There are 2 protein chains.
Amino acid sequence: MNIGKVAKSSSVSAKMIRHYESIGLIRTSPRTLSGYRQYHDRDVHLLRFIRRARDLGFSLEQIRQLVSLWDDPERASADVKRLAQAHIADLDQRIAALTDMRDTLVTLATSCHGDHRPDCPILHGLATAS
Amino acid sequence: MNIGKVAKSSSVSAKMIRHYESIGLIRTSPRTLSGYRQYHDRDVHLLRFIRRARDLGFSLEQIRQLVSLWDDPERASADVKRLAQAHIADLDQRIAALTDMRDTLVTLATSCHGDHRPDCPILHGLATAS
DNA sequence: TTTAACCTTCCCATCATGGGAGGGTCAAGC
DNA sequence: GCTTGACCCTCCCATGATGGGAAGGTTAAA
């Protein structure tokens, strides 16, 4: 299988597949005589795994660990759970930070009359200590 | 005032002040004979404004618009409000995306027993179509 | 044989920020 | 006046994940 087909069936772009190879997230693939990368079904499985982990917001470094656990028949599920929970905590923090921003902004926007006059609590709020 | 003092009192690093100057977000400052940038109180005000807008998650491009509205005594508060509401909508989208990730991950992690055994619903969930 | 659709590598861009090298300036204390 | 330490300057490089595009080779079908 060439890289284009793998890209389509894994939903990981060819660009990214090459990149993942270059940073050692996936193994270097064998090549044809003319230099084309050759893949098999198991590579598609791995790339789908990576893609889903990305969709869940894991970083490539975290995915590197997930992949090595995935590959390891001796793994303890506790190790996987630890990774997942650390990531959940991280997501919670980011959600909280964004929610704080949102709430502050909603408060400011609510008090802005939003007409032709220049007076604006949003700009005032930004200019003044919070 | 030298750049270090401005950085301290505005909570914007000297590195960033130079960067903001280089991308035209703030005006180029006058220099001493030896090339040191010279600032005044009004520059500190502007940088604090920028810093607070960053803290609320506005991009530098959005801040560029906010600053020009801030500078404009003829502005309509409706224009500011429009910017703020667009940003709120953007924050809402990001919060929703992160919350979806979080919920999916929590579901997977909950069903993982998290012990020494290798069997793990989290890895299984990542490997299988969602 | 031509052509279109592949593939290759290499460099550059994003966004906001920081690190660090290599070197100049300034003020205080001796 | 000289040393020293704390400033300042510019320039280049790095981050993380992804994409764009150039310049050129390969393949399969018409």
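In the block above lies the structure referred to throughout.
Within each chain, residue numbers correspond to sequence positions counted from 1 in written order. Chain letters start at A and ligand numbers start at 1, both assigned in the order the entries are written. For this predicted model, a pLDDT threshold of at least 70 governs which residues receive local features, and a threshold of 80 or more governs which side-chain atom pairs are given and counted, while totals over whole chains, interfaces and linings are taken from all residues. Values reported for side chains reflect all heavy atoms of the structure, with hydrogen atoms and water molecules removed beforehand.

## Comments concerning the protein's contact with DNA strand D
Convention followed: For each residue, the test is whether any non-hydrogen atom lies within 4 Å of the molecule or strand; if one does, the residue is near. A 3.5 Å cut-off defines polar contacts: any pair of N or O atoms within that distance qualifies, except that in protein one atom must be a possible hydrogen donor and the other a possible acceptor, and neighbouring residues in sequence count only when both atoms are side-chain atoms. Going along the chain from the N terminus, every DSSP run of H or I of four or more residues is numbered as a helix, and every run of E of two or more is numbered as a strand. Each residue gets one label: Ala, Val, Leu, Ile, Met, Phe, Trp, Tyr, Cys and Pro are nonpolar, Asp, Glu, Lys and Arg are charged, and the others, such as Gly, are polar.
As a structural note, the neighbourhood of DNA strand D is formed by 19 residues, with Lys 15, Tyr 20 and Tyr 36 of chain A together with Gly 4 and Arg 18 of chain B the closest of them. What you see for DNA strand D is that sugar and phosphate hold 67% of its atoms within 4 Å of the protein. Residue Leu 60 of chain A places a main-chain N or O atom 2.9 Å away from a phosphate oxygen belonging to DNA strand D. Listing elements by their share of the surface near DNA strand D, those giving two or more residues are helix H2 (14–22) of chain A together with helix H1 (3–10) and helix H2 (14–22) of chain B. For the surface near DNA strand D, the residue count by class is six nonpolar, seven polar and six charged.

## Let's talk about the interface of chain B and chain A
Put simply, an interface is often sized by how much accessible area is lost when its parts join up. Put simply, the rule reads: Whether two residues touch is decided by their heavy atoms; if any such pair falls within 4.5 Å, the residues are in contact. Throughout, buried area stands for the accessible area (probe radius 1.4 Å) lost by two parts on being put together, summed over both. Definition used for salt bridges: Asp or Glu carboxyl oxygen within 4 Å of a side-chain nitrogen of Lys or Arg.
Facing 51 residues of chain B, the contacting portion of chain A comprises 51 residues. Approximately 4200 Å² of surface area, both sides summed, lies buried where chain B meets chain A, with 73% of it carried by carbon and sulfur atoms. Taken as a group, Leu 105, Leu 123 and Leu 126 of chain B account for 16% of the area that chain B buries against chain A, more than any other trio of residues on that side. Taken together, the links from chain B to chain A amount to two salt bridges. Among the ionic pairs, Asp 92 of chain B bridges to Arg 102 of chain A, the shortest N-O distance being 3.0 Å. Between the two partners, chain B and chain A, sit 24 residue pairs in polar contact (both at pLDDT 80 or more). Broken down by secondary-structure element, the contributors of at least two residues to the side of chain B that touches chain A are helix H3 (41–55), helix H4 (60–71), helix H5 (77–110) and helix H6 (121–127) of chain B. When residues in the side of chain B that touches chain A are grouped by element, the largest group, 20 residues, is from H5 of chain B.

## Here's the deal with helix H4 (residues 60–71) of chain A
This is how the line gets drawn: Expected helix span is computed as 1.5 Å times (number of residues minus one). Accessibility here uses a 1.4 Å probe with only protein chains present; expressed as a share of the type maximum, an area under 20% marks a residue as buried, one over 50% as exposed, and anything in between as partly exposed. Directions drawn from the helix axis to the C-beta atoms are what define this arc.
With 12 residues, H4 of chain A should cover 16 Å at 1.5 Å per step; its first-to-last C-alpha distance of 16 Å lies within 8% of that length. Within H4 of chain A the residues assigned to the buried category are Gln 62, Ile 63, Leu 66, Val 67 and Leu 69 of chain A. Down the axis of H4 of chain A, the buried set is contained in an arc of 160 degrees. They therefore lie on one face. Residues of H4 of chain A that are buried sit in contact with helix H3 (41–55) and helix H5 (77–110) of chain A together with H6 of chain B.

## Things to note about the relation of the copies chain B and chain A
The operation relating the pair of chain copies consists of a rotation about an axis and a translation along that axis. Under the convention used in this document: Superposing the copies works by least squares over the C-alpha atoms of residues that have pLDDT at least 70 in both of them.
Of the transformation placing chain B onto chain A, the axial shift is 0.0 Å and the rotation is 180 degrees, giving an RMSD of 0.1 Å. Those values place the two copies in the arrangement expected of a two-fold rotation axis. Taking C-alpha positions as the reference, the residue of chain B nearest the rotation axis is Ile 95 of chain B, at 2.9 Å. Looking at the interface residues of chain B, 100% of them are also at the interface in chain A, so both copies use one shared face.

## Considerations on the packing of aromatic side chains
Here the distance between the centres and the angle between the planes together describe a pair of aromatic rings. All names here are of chain A. Convention followed: In summary, the pairing rule links any two rings of Phe, Tyr or Trp, Trp by its six-membered ring, whose centres are within 6.5 Å, and it sorts them by plane angle into stacked for under 30 degrees, edge-to-face for over 60 and tilted for everything else.
In this structure the tally under the stated criterion is two aromatic pairs over all chains. Aromatic pair Phe 49 and Trp 70: ring centres 4.3 Å apart, planes at 15 degrees, arrangement stacked. In this pair, Phe 49 is assigned in helix H3 and Trp 70 in helix H4, connecting sequence segments 21 residues apart. Its relative accessible area of 0% is what places Phe 49 among the buried residues. Look at Trp 70 and you get partly exposed, because its relative accessible area is 24%.

## Quick notes on unusual backbone geometry
Here the phi dihedral of Ser 11 of chain A falls at roughly 60 degrees; this positive angle occurs in a residue that is not glycine. Mapped onto the secondary structure, Ser 11 of chain A falls in the loop between helix H1 (3–10) and H2.

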